[in-house]
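# Working through the structure, step by step
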Amino acid sequence: MSTAKKPWTWEEDGYTVTRTCAWSPPGCHPVGCGLKLYVKDNRLVKVEGDPDHPISQGRLCIRCLSLPEYVHHPQRIIYPMKRVGERGENKWQRISWDEAWDIIVDKVQDIKAKYGPESIVVYGGTGRQACLYYYPLGFAALGTPNVCYPLSGWSCYGPRCAITQYVFGTGYPEIDFAGYYPDRYDHPGWKLPECIIIWGKDPIKSNPDGLYGHAIVDMMKRGTKLIVVDPRLTWLASRAEYWLQLRPGTDAALALGMLHVIINEGLYDKDFVEKWCAGFDDLKQRVQEYPPEKVAEITWVPKEKIVEAARFFARSKPASITWGLAVDENPNGVQVGHAVLSLAAVTGNIDVPGGITIGPPAALLGKWRVETRLELTEELWNKRIGAQEYPALANALATTHPDVTLDVLETGKPYPIKMAWFNSTNLISPTCSTAPDRWYRALKNMEFAVATDTFMTPTAMAFADIFLPLSTFAEHDGIVLTHFGRNTIFVGAINKALQVGECKSDIEICLELGKRLNPKAWPWNDVKEFFTSQLKPELGITFDELKEQVVVHPPYEYRKYETGKLRPDGEPGFMTPSGKIELYSTLFEMWGDDPLPYFEEPPYSPYSTPELAKEYPLILTTGARMWGMFHSEHRQIRTIREIHSDPLVEIHPDTAAQLGINDGDWVYIENMYGKCKQKAKLTVGIHPKVVHAQHGWWFPEKQADEPNLFGVWDANVNLLVPHKHIGKLGFGSPLKSMICKVYKAEE
Ligand SMILES: Nc1nc2c(c(=O)[nH]1)N[C@H]1C(S)=C(S)[C@@H](COP(=O)(O)OP(=O)(O)OC[C@H]3O[C@@H](n4cnc5c(=O)[nH]c(N)nc54)[C@H](O)[C@@H]3O)O[C@H]1N2
Ligand SMILES: Nc1nc2c(c(=O)[nH]1)N[C@H]1C(S)=C(S)[C@@H](COP(=O)(O)OP(=O)(O)OC[C@H]3O[C@@H](n4cnc5c(=O)[nH]c(N)nc54)[C@H](O)[C@@H]3O)O[C@H]1N2
Ligand code: SF4
Ligand SMILES: [Mo]
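What you see as residue numbers is a count from 1 along each chain, following the sequence as written. Chains carry letters and ligands carry numbers; both start at the beginning, A for chains and 1 for ligands, and go up in the order they are written. pLDDT decides what is reported in this predicted model: residues at 70 or higher carry local features, side-chain atom pairs at 80 or more are listed and counted, and totals for whole chains, interfaces and linings draw on all residues regardless. The side-chain numbers reported here are obtained from all heavy atoms of the structure, hydrogens and water having been left aside.

## Observations regarding the overall build of the chain
For clarity, the cut-off: Numbered from the N terminus, helices here are DSSP runs of H or I no shorter than four residues, and strands are runs of E no shorter than two. The atom set for the radius of gyration is the C-alpha atoms, and the globule formula is 2.2 Å times the number of residues raised to the power 0.38. Exposure classes here rest on a 1.4 Å probe applied to the protein chains alone. A residue is buried below 20% of its type maximum, exposed above 50%, and partly exposed in between. Two residues form a contact once any of their heavy atoms are found within 4.5 Å. Per-residue and other accessible areas were derived by the Shrake-Rupley procedure at a 1.4 Å probe size, with only the shown protein chains allowed to occlude residues. The positive count covers Lys and Arg only, the negative count covers Asp and Glu only, and His and the chain ends enter neither. Charge positions come from single atoms, namely NZ of Lys, CZ of Arg, CG of Asp or CD of Glu.
When its secondary structure is counted, the chain shows 28 helices and 28 strands. Taken over C-alpha atoms, the radius of gyration comes to 25 Å for the chain, in line with the 27 Å a tight globule of 747 residues would show. Projecting the C-alpha coordinates of the chain onto the three principal axes gives extents of approximately 70 × 60 × 60 Å. Taken across its 747 residues, the chain has 66% of its residues classed as buried. Within the chain, contacts between residues at least 6 apart in sequence are counted, and of these 74% link residues at least 24 apart. Carbon and sulfur atoms make up 51% of the accessible area of the chain, which amounts to about 25,200 Å² in all. Here the chain holds 80 positive side-chain charges and 91 negative ones, and the gap between their average locations is 2 Å.

## A few points about the UniProt feature "domain: 4Fe-4S Mo/W bis-MGD-type" (unreviewed entry) in the chain
Inclusion rule: UniProt positions are given in the numbering used here, feature names are shortened, and annotations may be inferred rather than shown by experiment.
The positions that UniProt labels "domain: 4Fe-4S Mo/W bis-MGD-type" (unreviewed entry) are, in the present scheme, residues 14-75. Helix makes up 15% of residues 14-75 and strand 34%, whereas the separation of the span's terminal C-alpha atoms amounts to 28 Å.

## What to know about the layout of surface pockets
Condition: Grid spacing is 1 Å over the protein atoms alone, the probe is 1.4 Å, and a cavity is where that probe fits but cannot get out, while a pocket is an open set with protein on both sides within 12 Å along at least five of seven lines and lining residues have an atom within 4 Å of a point. Grid points are joined across faces, edges and corners, and a volume is the space filled by probe spheres set on the points. In this count, Pro and Cys sit with the nonpolar residues alongside Ala, Val, Leu, Ile, Met, Phe, Trp and Tyr, while Asp, Glu, Lys and Arg are called charged and the others, Gly among them, polar.
Reported here for the largest pocket is a volume of approximately 1,000 Å³. As for the largest pocket, its lining consists of 41 residues, of which Gln 165, Ala 363, Val 370, Ala 396 and Arg 486 are closest to the centre. For the lining of the largest pocket, the per-class residue count stands at 24 nonpolar, 12 polar and five charged.

## Regarding the pairing of strand S14 (residues 319-323)
What counts here: By the convention used here, strands pair only if DSSP detects at least 2 bridges between them.
Across the five residues of S14, five count as buried, placing the element largely inside the fold. Relative to S14, strand S10 (residues 195-199) runs parallel, the two being bridged by five bridges. Within S14, the position partnered with Ile 198 by the bridge is Thr 322.

## Considerations on the site of ligand 2
Applicable threshold: Any residue with a heavy atom positioned within 4 Å of a molecule or strand is treated as near that molecule or strand. A 3.5 Å cut-off defines polar contacts: any pair of N or O atoms within that distance qualifies, except that in protein one atom must be a possible hydrogen donor and the other a possible acceptor, and neighbouring residues in sequence count only when both atoms are side-chain atoms.
For ligand 2, the set of nearby residues contains 35 residues, the closest of which are Ser 24, Thr 425, Thr 431, Asp 453 and Asn 718. For ligand 2, a nitrogen atom lies 3.0 Å from a polar atom in the side chain of Thr 622. Relative to its unbound accessible surface of 910 Å², ligand 2 loses 99% to contact with the protein.

## Thoughts on the side chain of Arg 184
We apply this condition: Here, a salt bridge means any Lys or Arg side-chain nitrogen found within 4 Å of an Asp or Glu carboxyl oxygen.
For Arg 184, the location among the structural elements is in the loop between strand S9 (173-175) and S10. Despite its burial, Arg 184 pairs with no opposite charge, the nearest such side chain being Asp 218 at 4.7 Å. Side-chain polar atoms of Arg 184 contact the backbone oxygen of Pro 54, separated by 2.7 Å. Look past the residues within four positions of Arg 184 in its chain and what remains in contact with it is Pro 54, Ile 55, Gln 57, Phe 177, Ala 178, Gly 179 and Ala 215.

## Some points on the sheet that holds strand S3 (residues 34-40)
Quick note on the threshold: Only C-alpha atoms enter the line fits that serve as axes; for helices the fit covers just the stretch in contact. Angles between N-to-C directions range over 0 to 180 degrees.
Ordered in space as S1-S2-S3-S4, the four strands form an open sheet in which the pairing is antiparallel. Each edge of the open sheet carries a strand with a single partner, namely strand S1 (9-12) and strand S4 (43-49). The average angle at which neighbouring strand axes cross in this sheet is 30°, direction not considered. Here strand S2 (residues 15-21) runs beside S3; their pairing, made up of six bridges, is antiparallel. Bridged to Arg 19 within S3 is Lys 36.

## Considering the nonpolar core
For clarity, the cut-off: For the purposes of this section, nonpolar cores are sets of buried Ala, Val, Leu, Ile, Met, Phe, Trp, Tyr and Cys residues that join through side-chain atoms within 4.5 Å. Residue ranges for the domains originate in an automatic or database domain assignment.
In terms of nonpolar packing, the biggest core is built from 254 residues, with Ile 104, Trp 199, Trp 421, Leu 468, Leu 513, Trp 522 and Ile 581 touching the most fellow members. No other element matches helix H4 (residues 130-142), which puts 11 residues into this core. Both domains that meet at this core, namely domain 1 (158-361) and domain 2 (610-744), each give it at least three residues. Other than its neighbours up to four places away in sequence, Ile 104 contacts Trp 421, Phe 448, Val 450, Ile 466, Leu 468 and Leu 513. Core analysis: the next-biggest nonpolar cluster, separate from the first, contains nine residues, Phe 455, Met 629, Ile 640 and Ala 715 among them.

## Focus: the packing of helix H8 (residues 251-264) against helix H10 (residues 280-287)
Selection criterion: A crossing counts as left-handed when the near helix is turned anticlockwise from the far one by less than a right angle, and as right-handed when that turn is clockwise.
The interhelical angle for the contact between H8 and H10, taken along N-to-C directions, is 115°, at an axis separation of 9 Å. Between H8 and H10 lies a crossing of left-handed hand. Every residue of H10 that contacts H8 at Leu 256, Leu 259, His 260, Ile 263 and Asn 264 is listed here: Phe 280, Leu 283, Lys 284, Arg 286 and Val 287. Grouping the amino acids of the contact of H8 with H10 by side-chain chemistry returns six nonpolar, two polar and two charged.

## Regarding the packing of helix H18 (residues 402-411) against helix H19 (residues 436-443)
Selection criterion: When an angle is under 35 degrees it counts as roughly parallel; over 145 it counts as roughly antiparallel; between 65 and 115 it counts as roughly perpendicular; any other value is oblique.
Between H18 and H19, whose axes approach to 9 Å, the crossing angle comes to 45°. By the angle between their axes, H18 is oblique relative to H19. Here the hand of the crossing between H18 and H19 comes out left-handed. Residue-level contacts link Pro 402, Thr 405, Leu 406, Asp 407, Leu 409 and Glu 410 of H18 to Arg 438, Trp 439, Ala 442 and Leu 443 of H19. Its residues assigned to classes, the contact of H18 with H19 comprises six nonpolar, one polar and three charged.

## A word on the domain arrangement of the chain
Each domain of the chain was delimited in the assignment, giving domain 1 (158-361) and domain 2 (610-744). Of note, the centres of domain 1 and domain 2, computed from C-alpha atoms alone, are 28 Å apart. Contacts between domain 1 and domain 2 engage 20 residues on the former and 25 residues on the latter. Applying the counting rule to domain 1 against domain 2 returns two salt bridges.

## Notes on the site of ligand 1
Taken together, 33 residues are adjacent to ligand 1, and Ser 206, Asp 230, Asp 251, Met 629 and His 631 come closest. Taking Met 626, its main chain carries an N or O atom lying 2.7 Å from a nitrogen atom of ligand 1. Here Met 629 contributes a backbone N or O atom positioned 2.6 Å from a nitrogen atom of ligand 1. Relative to its free-state accessible area of 920 Å², ligand 1 is covered by the protein chains to the extent of 99%. Mapped by element, the contributors of at least two residues to the shell around ligand 1 are helix H6 (203-206) and helix H13 (325-328).

## Observations regarding the pairing of strand S16 (residues 419-423)
Inclusion rule: Handedness is read with the strands pointing away from the viewer; a crossover is right-handed when the path from the first strand over the helix to the second is clockwise.
In terms of residue burial, S16 counts as a mostly covered element, since five of its five residues are buried. Where burial is concerned, the two faces of S16 agree: the one with Met 419, Trp 421 and Asn 423 and the one with Ala 420 and Phe 422 are both buried. Where strand S7 (residues 120-123) meets S16, four bridges bridge the pair, whose relative direction is parallel. Opposite Tyr 123, over in S16, you have Phe 422 as the bridge partner. Pairing geometry for S16 and strand S17 (residues 448-453), over five bridges, is parallel. Paired with Phe 422 across the bridge in S17 is Ala 451. Between the parallel pair S16 and S17, the chain is carried across by H19, and the sense of this crossover is right-handed.

Printed below as a string of structure tokens:
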């Protein structure tokens, strides 16, 4: 499969065709699927999959296929807007970019002079393109140390990256799906994984961060077997060798139970453990506390299945694991992650063909992002919210601590927060916040707020004074790289195919604002010059060269721990305090947590809060990904709303029958923190004591003005999740393991 020979653009039947790699908006993670965009008279008329893209090979999902509907949607905001009514009132006026910049620059300078630069917070959501640029937007343009990913416990990806950094000392671990090679599965030296554990993740729907989910299906067709750890029967679980249907939030116990079997039965890789792991004897001792019978009681997974699945995994060579949100959205998640990484390590599957690949300790093309911090004085950097309270989080992630940020917003202590910039989060629309009602009240007090987005959202409607219109990935030049450079299978070009209104990309906005506020940090004349400055030192190519090639594969090497490629001193081993994989984590210990993985009951459960569980007898897990929606996005897109019309809560038919609920009934989901309304979807693919509710629902078709705010409070399941149960090190919240009751809505 050669990508180099095809041109990146050509004329065909009156269309200009542009080959490009996807990112965002509309939302997706950096998996960078290949598209052919057909443009005529500055309109995107159709989209096709690019058969020459080495990863997606012509396949696309509904979100990319419906891109023309999104790009030319009548409700899209394509000019800068200024609010002319009260916040929450749908009254806006079109302004020019110059006027927008004048207002923003004046306000920023005024707020910085009056309250200090730390009184500005940039809010950013999940790994869209914006997350390459919102740190520099904060640090090098606005001059604040406070960039906030607002989800309680930073419960997405950040915990997994931090755990890997502390336990392995490397970039992100990923299934080896032969993505590094243009010839893919035929590549000599690559091996097919015999078994993959899919742990709390649904990658064929979510394609998260850099894992192209359908690669798993490709490998299944070639013979790979699966173990799926999920309370719900997903498509992959239904085709797995073992589906371990665990009670939500008990993952640490399950992983420790599997380790118990593998270690006690001598099924681990003794050579690898001896040479490259530290703390094996301590781990061996710890797992004795988790015999399969006890783990079966905790997790509700039958003992035989735990034992058999553990044996099957340990005996498969090579074998791989991919882990998902179940690690992050759990206050016990650091221990889940530690135990899952230990499973991968003791079986010797690290950085071998068909095993688990690992990225280098420093992210590819990450230098500039990190170094923009140096624009801030040490004194200012030390004011970063929550950095003192949660050093384990602050050390791995350059953001504030989300939970401390909400406290500071509410109390004004130790200093007041006066300005917000919403840059890729629609946080009150049940996404990047738990207790969104608290965030709503706290964010109402800003003196000034800016939102950068494509459509008017409840968040922008409630808080923003200025709205900056954002271009989609079809409308701008850019770079996409899997796992944000933490484990890069390829670097792709995002090639601009058309211009819509006056929309600009995140990096264009940063450059223009940066030049006005802090020009020395933004020396580039345009984005191409900027991208070349990023690409040239590490990949030796210019942006124009990347554009033409569309996809570039940096070289990949296995067993980097043997060749000194994981340490700056060039010594073999890992970049951890002991130089080995830390089954016993000296860093967790230093920060006051247990150095070994352990299980802790979810904060609310039939076992930890039996009294409350009498009133709220069902376990609530939330937010499993949908094919057509990316978080709160796509609610305006008709084709997609035909597939996902209403918010759905999954209930087992037996439970529903007891509650007098039929398929399609509107029901309330309620607990001690709040309630919301969704439509019942009956399915045998969920345990009778567990329900699953969708997140991200608001209704662009409903009234925009407050108090309605596009119906943002109606189906908002995050109202049921509090903001106080994070793990000891500051990571994780119980988004996937709350309790609730469900009853029929009478209206
Ligand atoms: N289409 C689409 N794709 C997306 C997104 C989107 O909104 N839409 N969002 C993106 C983002 S930000 C992220 S972080 C990724 C996340 O992608 P994934 O990690 O795949 O996340 P989820 O789909 O939330 O959850 C995966 C599975 O975990 C299961 N689960 C629930 N509770 C538990 C539990 O306690 N333990 C275990 N083991 N499993 C549990 C769910 O049933 C679900 O099948 O997806 C990204 N991709
Ligand atoms: N109950 C429950 N809640 C959850 C989850 C769950 O599993 N359960 N999952 C959580 C997870 S993992 C995450 S990451 C969060 C996600 O939360 P967010 O990332 O805040 O997701 P959205 O609310 O969709 O907000 C993103 C906004 O950014 C805009 N946007 C899209 N692309 C770009 C871009 O490239 N640049 C800019 N500037 N803007 C862009 C979109 O139009 C949208 O309005 O949700 C979390 N919320
Ligand atoms: S995973 Fe789907 S939405 Fe994301 S880039 Fe690929 S085809 Fe597009
Ligand atoms: Mo996420």
